[in-house]
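Topology and contacts: notes
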Amino acid sequence: MTILITADGEFVTVAGGEPKVGRKYCLEDATTGTSAQNKAFHALVGEYWKSGAHSYNASNFEQFRDVIKLNLGAGAECFVYATPDGIQKVKTFEEIPAEYREPKYCMMKLKSWTDYTKTERTSTIDKLIAEMHQAGVQTAKFYEILKGMEEQ
């Protein structure tokens, strides 16, 4: 259910039915990523990792999750590189001078999942599901996750 707070103690229902008198509800900001998106993303990444159907070069789950965020998600938040004058920080890889684009001089900082917007989370999850289908993931758990998402 989605509600819009109109004044102190007042709201209107925007979607998904009416709240029931006497029940307690957990309130989340609908403009940011939700806990349901968080659970779905991590469950999907975990199942993709366990399935072995991916072709990513990752030696553990944490690396795999980061590769997913890099390739299917919002990617890098920023890049840092070392020069004789010190550490420099830029927004894009292209901003790094050519002589410092080697791995020994530069690194990227992935955008944290907690900093993703609701739209970025939705896009990443959609791309992840599409890739999992394309890779041939057909586990019972994968379909269980998808069913749970549909019911939400």
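So, here's what we can say about the structure. These figures come from a predicted structure and were not determined experimentally.

**Brief notes about the overall build of the protein chain**
- Helix and strand content of the protein chain: 4 helices and 5 strands.
- Going residue by residue from the N terminus, the α and β elements of the protein chain occur as β-β-α-α-β-β-β-α-α.
- Here the C-alpha radius of gyration of the protein chain, 20 Å, is well above what a compact globule of 152 residues would show, namely 15 Å.
- Taken along the three principal axes of its C-alpha coordinates, the protein chain extends 65 × 45 × 20 Å.
- The buried share of the protein chain, taken over its 152 residues, is 26%.

**Topic: the sheet that holds strand β3 (residues 76-83)**
- Taken in spatial order, the 3 strands line up as β4-β3-β5 in an open sheet, and their pairing is antiparallel. Every interior strand has two partners, whereas the edge strands, β4 (86-90) and β5 (106-110), have only one. Neighbour to neighbour, the strand axes of the sheet diverge by 25 degrees on average, direction disregarded.

**Overview of the packing of aromatic side chains**
- Applying the stated criterion to the full structure yields 9 aromatic pairs.
- An angle of 65 degrees between the planes, with centres 6.0 Å apart, marks the rings of Tyr 56 and Phe 64 as edge-to-face. Here Tyr 56 matches Phe 64 in class, with each residue buried.
- Within the aromatic cluster, the residues linked to one another by ring pairs are Tyr 48, Trp 49, Tyr 56 and Phe 64.
- Over the ring of Tyr 116 we find Lys 111; its NZ or CZ atom is 5.8 Å from the centre of that ring.

**Brief notes about the pattern of salt bridges**
- A full pass over the atoms with the stated rule returns 5 salt bridges.
- With its nearest N and O atoms 3.8 Å apart, the salt bridge here joins Asp 66 to Lys 69. In this pair, Asp 66 and Lys 69 are both assigned in helix α2 (residues 61-72), 3 residues apart and thus about one turn of the helix distant.
- The class for Lys 69 is buried, based on a relative accessible area of 9%.
- For Lys 141, the salt bridge is made with Glu 144, and the minimal N-O distance between the two is 3.8 Å. Separated by 3 residues within a single helix, Lys 141 and Glu 144 lie in helix α4 (residues 140-151), roughly one turn from each other.

**What to know about the nonpolar core**
- Counting 20 residues, the largest nonpolar core has Leu 44, Tyr 48, Ile 68 and Leu 128 as its most contacted members.
- Contributing elements (two or more residues each) for this core: α1 (35-51), α2, α3 (118-135) and α4.
- If we skip the residues at most four places from it in the chain, Ile 68 touches Phe 41, Val 45, Tyr 48, Tyr 56, Gly 73 and Leu 128.

**Describing the pairing of β3**
- Pairing analysis gives 5 bridges linking β3 to β5, with the strands arranged antiparallel. Bridging across to β5, Cys 78 finds its partner in Lys 109.
- Across 5 bridges, the pairing between β3 and β4 is antiparallel. Looking at the pairing, Ala 82 lines up with Ile 87 of β4.
- Hairpin connection between β3 and β4: a loop of 2 residues separates the two successive antiparallel strands.

**Structural notes on a nonpolar patch on the surface**
- On the surface, Leu 4, Val 12 and Val 14 cluster together into a nonpolar patch covering about 260 Å² of accessible area.
- Turning to its location among the elements, Leu 4 is positioned in strand β1 (residues 2-7).
- Using a relative accessible area of 47% as the deciding quantity, one classes Leu 4 as partly exposed.

Rules used throughout
- Residues numbered from 1 in each chain as written.
- Predicted model: local features only at pLDDT ≥ 70, side-chain atom pairs only at ≥ 80, totals over all residues.
- Heavy atoms only, no water.
- Helix = DSSP H or I, 4+ residues; strand = E, 2+ residues; numbered from the N terminus.
- Rg over C-alpha atoms; globule rule 2.2 N^0.38 Å.
- Buried < 20%, exposed > 50% of the residue type's maximum accessible area, 1.4 Å probe, protein only.
- Pairing = 2+ DSSP bridges.
- Axes fitted to C-alpha atoms, helices over the stretch in contact; angles between N-to-C directions.
- Phe/Tyr/Trp six-rings, centres within 6.5 Å; stacked < 30°, edge-to-face > 60°.
- Lys NZ or Arg CZ within 6 Å of the ring centre and 35° of its normal.
- Salt bridge = Lys/Arg side-chain N within 4 Å of Asp/Glu carboxyl O.
- Core = buried A, V, L, I, M, F, W, Y, C linked by side-chain atoms within 4.5 Å.
- Contact = heavy atoms within 4.5 Å.
- Patch = residues over 30% accessible without salt bridge, like charges linked within 9 Å, V, L, I, M, F, W, Y side chains within 5 Å.
- Areas by Shrake-Rupley, 256 points an atom, 1.4 Å probe, with all protein chains shown as cover.

Keep in mind these numbers describe shape, not what the thing actually does.
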